[in-house]
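Observations on the three-dimensional arrangement
Listed here are the chains, written in short residue letters.
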Amino acid sequence: MRFNEKELVFLSRQPSERAAELGMRGPKKGDVVKRRVVKLIVNFLFYFRTDEDEPIGALLLEQCRVEREDQHAFSIVFLDEAERKYLFECDSQEQCVEWIDAIVKASYEFMRKNLVYYRTEIHRLTGKDPLEQYGISDETRFQVNSGLPPLPPPPT
């Protein structure tokens, strides 16, 4: 996936859902843990040198797995690059849990699954498809593909 560098820098300056100075080790052999300012903005994890305003990198939090490494550390591994692991060290166990939770919830896939779940629940309770009024109820990305039956057509 390609990104425009100026757009990413602009996005990195937006208000973040979460930000902190964490220890971070990159995926290359020989990388050491360095203190980085880490900011979660939408589904990007930006990281900065502690004394700079422009990010030195960004991770798109899609198709990745977040794993707890120990009480104060977690890692991010991308499914198509399983050998590349980014390690993050937190100051406390609580901070580690909060970061993991926020990163998991930042992905498009997590948000899509929630939308499908709540759409199904609203339809079950009201008999109406809440997406129909927006003309997007038939779009593939909003369909349930988890073995559940499709939503019935709205009553006429």
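Residues numbered from 1 in each chain as written. Predicted model: local features only at pLDDT ≥ 70, side-chain atom pairs only at ≥ 80, totals over all residues. Heavy atoms only, no water.

Considering the packing of helix H2 (residues 93-106) against helix H3 (residues 108-126)
As a reminder, the rule being used: Structural elements are reduced to axes, namely lines fitted to C-alpha atoms, with helices fitted over the stretch in contact, and the angle between N-to-C directions of any two is expressed from 0 to 180 degrees. Secondary structure follows DSSP: runs of H or I at least 4 residues long count as helices, runs of E at least 2 residues long count as strands, and numbering of each begins at the N terminus. Under this scheme an angle from 65 to 115 degrees is roughly perpendicular, one under 35 degrees roughly parallel, and one over 145 degrees roughly antiparallel; angles in between are oblique. Any two residues having at least one pair of non-hydrogen atoms within 4.5 Å are treated as being in contact. Under this grouping Gly is polar, as are all residues other than the nonpolar Ala, Val, Leu, Ile, Met, Phe, Trp, Tyr, Cys and Pro and the charged Asp, Glu, Lys and Arg.
Axis separation between H2 and H3 bottoms out at 5 Å; the angle between their running directions is 70 degrees. In terms of orientation, H2 and H3 fall into the roughly perpendicular class. Every residue of H3 that contacts H2 at Val 104, Lys 105 and Ala 106 is listed here: Tyr 108, Phe 110 and Met 111. Here the contact of H2 with H3 is built from residues that sort into five nonpolar, no polar and one charged.

Describing helix H1 (residues 5-12)
Operational definition: Residue exposure (1.4 Å probe, protein chains only): buried if accessible area is under 20% of the type maximum, exposed if over 50%, otherwise partly exposed. This arc is built from the directions going out from the helix axis to the C-beta atoms. In the analysis that follows, any N or O atom pair within 3.5 Å is treated as a polar contact, provided that within protein one partner can donate a hydrogen and the other can accept it, and provided that, for residues neighboring in sequence, both atoms belong to side chains.
Taken together, the buried positions of H1 are Leu 8, Val 9 and Ser 12. Considered in projection along H1, the buried side chains sweep an arc of 100 degrees and stay on one side of the axis. Opposite its buried face, H1 presents the exposed residues Lys 6, Glu 7 and Phe 10, each directed more than 90 degrees away. Taken together, the buried residues of H1 touch strand E2 (34-41) and strand E3 (44-49). Between the side-chain oxygen at the start of H1 and the backbone nitrogen of Lys 6 there is a gap of 2.8 Å, and the oxygen is on Asn 4.

Things to note about the nonpolar core
Note the threshold: Residues belong to one nonpolar core when they are buried, are Ala, Val, Leu, Ile, Met, Phe, Trp, Tyr or Cys, and are joined through side-chain atoms within 4.5 Å.
Counting residues in each nonpolar core, the largest one holds 22 residues, and the members touching the most others are Leu 45, Leu 59, Phe 74, Ile 76, Phe 88 and Trp 99. Listed by contribution, the elements that provide at least two residues to this core are strand E1 (18-25), E2, E3, strand E6 (73-78), strand E7 (81-89) and H2. The leading source of residues in this core is H2, at six residues. Each residue touching Phe 88, except ones within four places of it in the same chain, is listed here: Leu 22, Gly 23, Met 24, Val 38, Leu 45, Leu 59, His 72, Ala 73, Phe 74 and Ile 76.

Topic: the UniProt feature "domain: PH" (unreviewed entry) in the protein chain
In plain terms, the rule: UniProt positions are given in the numbering used here, feature names are shortened, and annotations may be inferred rather than shown by experiment.
Per the UniProt entry, the sites bearing "domain: PH" (unreviewed entry) are residues 15-108 in this numbering. The annotated region residues 15-108 carries 16% helix and 51% strand content, and the separation between its end C-alpha atoms amounts to 19 Å.

Some remarks on the pattern of salt bridges
Threshold: Between Lys or Arg on one side and Asp or Glu on the other, a salt bridge is scored when a side-chain nitrogen of the former is within 4 Å of a carboxyl oxygen of the latter.
Within the structure shown, the criterion is met by 12 salt bridges. Among the salt bridges present, the one from Arg 49 reaches Glu 52, with a minimum N-O distance of 3.5 Å. Of the residues examined, Arg 49 reaches a relative accessible area of 36% and is grouped as partly exposed. Judged by its relative accessible area of 35%, Glu 52 falls in the partly exposed class. With a shortest N-O distance of 2.7 Å, Arg 124 and Glu 121 are connected by a salt bridge. Taken together, the residues span about one helical turn, with Arg 124 and Glu 121 both in helix H3 at a distance of three residues. According to the relative accessible area criterion, Arg 124 is exposed, its value standing at 58%. We classify Glu 121 as partly exposed; its relative accessible area is 21%. A single network of salt bridges, built from pairs that share partners, joins Glu 21, Arg 35 and Asp 91.

Some words on the sheet that holds E7
For clarity, the threshold we go by: Any two strands with at least two DSSP bridges between them are considered paired.
Strand order in the open sheet formed by seven strands is E4-E3-E2-E1-E7-E6-E5, with antiparallel pairing between adjacent strands. With one partner strand each, in any of the chains shown, strand E4 (57-60) and strand E5 (64-70) form the two edges of the open sheet. Mean inter-strand twist for the sheet, computed between neighbouring axes without regard to direction, equals 35 degrees. In terms of strand pairing, E5 meets E6 through six bridges, oriented antiparallel. Residue pairing in the sheet places Glu 67 in a bridge with Ser 75 of E6. Sheet strands touched by H1: E2 and E3. Its angle to E3, the strand with the most contacts, is close to 85 degrees.

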